[in-house]
Amino acid sequence: MADTQTTEYRNILYEVDFSIAYVTMNRPNKRNALSLEHMEELIHCFESIAQSKEISVVILKGSGPAFCAGHDLGEMVDQSPVFYRHLFDVCTKMMETIQSIPQPVIAQVHGIATAAGCQLVATCDLAVATDDARFATPGVKIGLFCSTPMVALSRAVGRKKAMEMLLTGEMLSSEDAVMAGLINKAVPADQLEEETKVLASKIAQASPFTVGIGKQAFYKQLDMPQPLAYSYAKEVMSLNATAADAQEGICAFLEKRPPNWKGC
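Rules used throughout
- Residues numbered from 1 in each chain as written.
- Predicted model: local features only at pLDDT ≥ 70, side-chain atom pairs only at ≥ 80, totals over all residues.
- Heavy atoms only, no water.
- Patch = residues over 30% accessible without salt bridge, like charges linked within 9 Å, V, L, I, M, F, W, Y side chains within 5 Å.
- Areas by Shrake-Rupley, 256 points an atom, 1.4 Å probe, with all protein chains shown as cover.
- Salt bridge = Lys/Arg side-chain N within 4 Å of Asp/Glu carboxyl O.
- Helix = DSSP H or I, 4+ residues; strand = E, 2+ residues; numbered from the N terminus.
- Buried < 20%, exposed > 50% of the residue type's maximum accessible area, 1.4 Å probe, protein only.
- Pairing = 2+ DSSP bridges.
- Contact = heavy atoms within 4.5 Å.
- Polar contact = N/O pair within 3.5 Å; in protein donor to acceptor, adjacent residues only side chain to side chain.
- Core = buried A, V, L, I, M, F, W, Y, C linked by side-chain atoms within 4.5 Å.
- 1 Å grid on protein atoms, 1.4 Å probe; cavity = no way out; pocket = protein on both sides within 12 Å on 5 of 7 lines; lining within 4 Å.
- Points joined across faces, edges and corners; volume = space filled by probe spheres on them.
- Nonpolar A, V, L, I, M, F, W, Y, C, P; charged D, E, K, R; others polar.
- Domains from an automatic or database assignment.
- Buried area = accessible area lost by both parts, 1.4 Å probe.

**Examining a nonpolar patch on the surface**
Then comes step 1: On the surface, a nonpolar cluster with roughly 410 Å² of combined accessible area is contributed by Val140, Phe145, Met150, Met163 and Leu167.
Then comes step 2: Tracing the chain through its elements places Met150 in helix 4 (residues 147-156).
Then comes step 3: Look at Met150 and you get partly exposed, because its relative accessible area is 32%.

This is how it looks when you write it as structure tokens:
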């Protein structure tokens, strides 16, 4: 697969600062609406990041006045069922890719995150937003229920709040988004970049190998009955304990020294 370092994208920007990758949706005049090409580029970028052992964390953000306004509605007029199925297949693959890569993905949100943009926030592993950011799944207002955003939203927030957002299409404030569990924290706009980087840097201190194991296990056990989840988690933790990074971390703790991660 092509290296993200050398790939030219039309709709996103990509850079790496030490072990943190920054993926910036770059369609500011469209409020970073998710065209087919835009989503395909995001999939390619995240799949490439997954192959890098140098990257520990990813920050996903948007350029211009908004994080992401959802699908590009201009592409969705008078199309065939085949086109719509392909569009939502690609969107689903993008969301699943974000959760399947070993690196945690943090949404850095400003402005609005609506429809598939709200789905992106719900899909990312963590999210930090400005205190004036707004979130909504407003498809019901234009006759197109936010059915695919519903999947991510209903897994991130409580059922009643998810249903309220889906049925009314009304905006949710950052404060309410924190309370609902859609985002981790809301901060003043001038602190957004720094607060997101601080969170990313904390994660980057851990073994990327171990974090990747944990992220995969987290999503896999979510929908399991509790006895099955414990059975699965015990096996994951037992194998994790035999890894070089686990043994190094345990020894470093006992010896009161910083760990030297091996990456395996």
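**Let's talk about the sheet that holds strand 8 (residues 172-173)**
Then comes step 1: As summarised here, the arrangement of the three strands in space is 5-7-8, forming an open sheet in which the pairing is mixed. Strand pairing shows two members of the sheet lacking a second neighbour, strand 5 (112-114) and strand 8, which therefore form its edges.
Then comes step 2: Bridging between strand 7 (residues 134-136) and strand 8 involves two bridges; their strand directions are antiparallel. Its bridge partner lying in strand 8, Arg134 is registered against Ser173.

**Some points on the environment of Ser35**
Then comes step 1: With respect to the secondary-structure elements, Ser35 resides in the loop between strand 2 (20-25) and helix 1 (36-50).
Then comes step 2: When the C-alpha atoms of Ser35 and Gly70 are compared, they prove to be 9.0 Å apart, with 35 residues separating the residues in sequence.
Then comes step 3: Apart from the residues within four sequence positions on either side, Ser35 is in contact with Arg27, Asp72 and Glu75.
Then comes step 4: A distance of 3.1 Å separates the side chain of Ser35 from the backbone nitrogen of His38, its partner in a polar contact.

**Some points on the nonpolar core**
Then comes step 1: Formed by 55 residues in total, the largest nonpolar core has its most connected members in Leu60, Phe67, Leu120, Phe135 and Leu182.
Then comes step 2: Counting eleven residues, the second-largest nonpolar core is a separate cluster that includes Val57, Val128, Leu192 and Ala200.

**What to know about the layout of surface pockets**
Then comes step 1: Within this model, the largest pocket holds a volume of roughly 750 Å³.
Then comes step 2: Where the lining of the largest pocket is concerned, the elements lending two or more residues are helix 2 (81-100), helix 3 (116-123), strand 6 (126-130), helix 4 and helix 8 (208-221).
Then comes step 3: Broken down by class, the residue content of the lining of the largest pocket amounts to 14 nonpolar, nine polar and six charged.
Then comes step 4: Summarising the domain contributions, the lining of the largest pocket has at least three residues from each of domain 1 (12-205) and domain 2 (208-255).
Then comes step 5: Lining the second largest pocket are 18 residues, with Leu73, Ala115, Gly139, Leu144 and Cys146 positioned closest to its centre.
Then comes step 6: The biggest single contributor to the lining of the second largest pocket is helix 4, with three residues.
Then comes step 7: Residues that form the lining of the second largest pocket fall into these classes: twelve nonpolar, five polar and one charged.

**Remarks on the domain arrangement of the chain**
Then comes step 1: Here the domain parsing of the chain yields domain 1 (12-205) and domain 2 (208-255).
Then comes step 2: Spacing between the C-alpha centres of domain 1 and domain 2 amounts to 27 Å.
Then comes step 3: Every contact between the two is made by twelve residues of domain 1 and, on the other side, six residues of domain 2.
Then comes step 4: Where domain 1 abuts domain 2, roughly 630 Å² becomes buried across the two surfaces, and 50% of that area is made up of carbon and sulfur atoms.
Then comes step 5: When the area that domain 1 buries against domain 2 is broken down by residue, the three leading residues are Gln99, Pro102 and Asp125, summing to 52%.
Then comes step 6: On inspection of domain 1 and its partner domain 2, the count reaches one salt bridge.
Then comes step 7: Salt-bridge contacts for Asp125 lead to Lys215; the nearest nitrogen and oxygen are separated by 2.8 Å.
Then comes step 8: In this assembly, domain 1 and domain 2 are joined by five residue pairs in polar contact (both at pLDDT 80 or more).

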